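# Coordinate inspection notes
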Amino acid sequence: ALPQAADSKREQFRRYLEKSGVLDTLTKVLVALYEEPEKPNSALDFLKQHLGASAPENPEIEALRLEVAEMKEKYEAVLEENKNLKSKVKVY
């Protein structure tokens, strides 16, 4: 009964990986590596780079990027306003 339980667990895990898209993504990256005419020195770095590129963007990261962009705009506006106020102060 023991080997059967291990097989069942393996099969469940395989289905989980398949359903979540992991097997498909890994297959695509491995095929890309296979088709690469000049194999990279580090296959692992190739995999990391290509897996990172194919990973969906985390919504939190996207929200933070937008927030940073808004903050940069506000910062630039404040710098401009500061420059204008300094020039007005010089007049007085």
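This one's a predicted model, so the numbers in the text were calculated from it and none came from an experiment.

### Quick word on the overall build of the protein chain
- Check the secondary structure of the protein chain and you find 4 helices and 0 strands.
- For the protein chain, the C-alpha radius of gyration of 26 Å lies well beyond 12 Å, the compact-globule estimate for 92 residues.
- Taking the principal axes of the C-alpha coordinates as reference, the protein chain spans close to 90 × 40 × 15 Å.
- A total accessible area of about 8,600 Å² is found for the protein chain, and carbon and sulfur atoms account for 60% of it.
- Side-chain charges in the protein chain split into 15 positive and 17 negative, and the spacing between the mean points of these groups amounts to 4 Å.

### Regarding the domain arrangement of the protein chain
- The domains assigned to the protein chain are domain 1 (1-56) and domain 2 (57-91).
- Using only C-alpha atoms to locate each centre, domain 1 and domain 2 end up separated by 43 Å.

### Brief notes about the pattern of salt bridges
- Per the stated rule, a full pass over the model turns up 6 salt bridges.
- Across the salt bridge formed by Asp7 and Arg10, the nearest N and O atoms sit 3.0 Å from each other. Pair noted here: Asp7 and Arg10 are both in helix α1 (residues 2-19), with a separation of 3 residues, about one helical turn.
- For the salt bridge of Glu62 with Arg65, the shortest nitrogen-to-oxygen distance reads 3.8 Å. Placement of both Glu62 and Arg65 in helix α4 (residues 59-91) is noted, with a separation of 3 residues, approximately one turn of the helix.

Procedures and definitions
- Residues numbered from 1 in each chain as written.
- Predicted model: local features only at pLDDT ≥ 70, side-chain atom pairs only at ≥ 80, totals over all residues.
- Heavy atoms only, no water.
- Helix = DSSP H or I, 4+ residues; strand = E, 2+ residues; numbered from the N terminus.
- Rg over C-alpha atoms; globule rule 2.2 N^0.38 Å.
- Areas by Shrake-Rupley, 256 points an atom, 1.4 Å probe, with all protein chains shown as cover.
- Lys, Arg positive; Asp, Glu negative; His and termini not counted.
- Charge placed at Lys NZ, Arg CZ, Asp CG, Glu CD.
- Domains from an automatic or database assignment.
- Salt bridge = Lys/Arg side-chain N within 4 Å of Asp/Glu carboxyl O.

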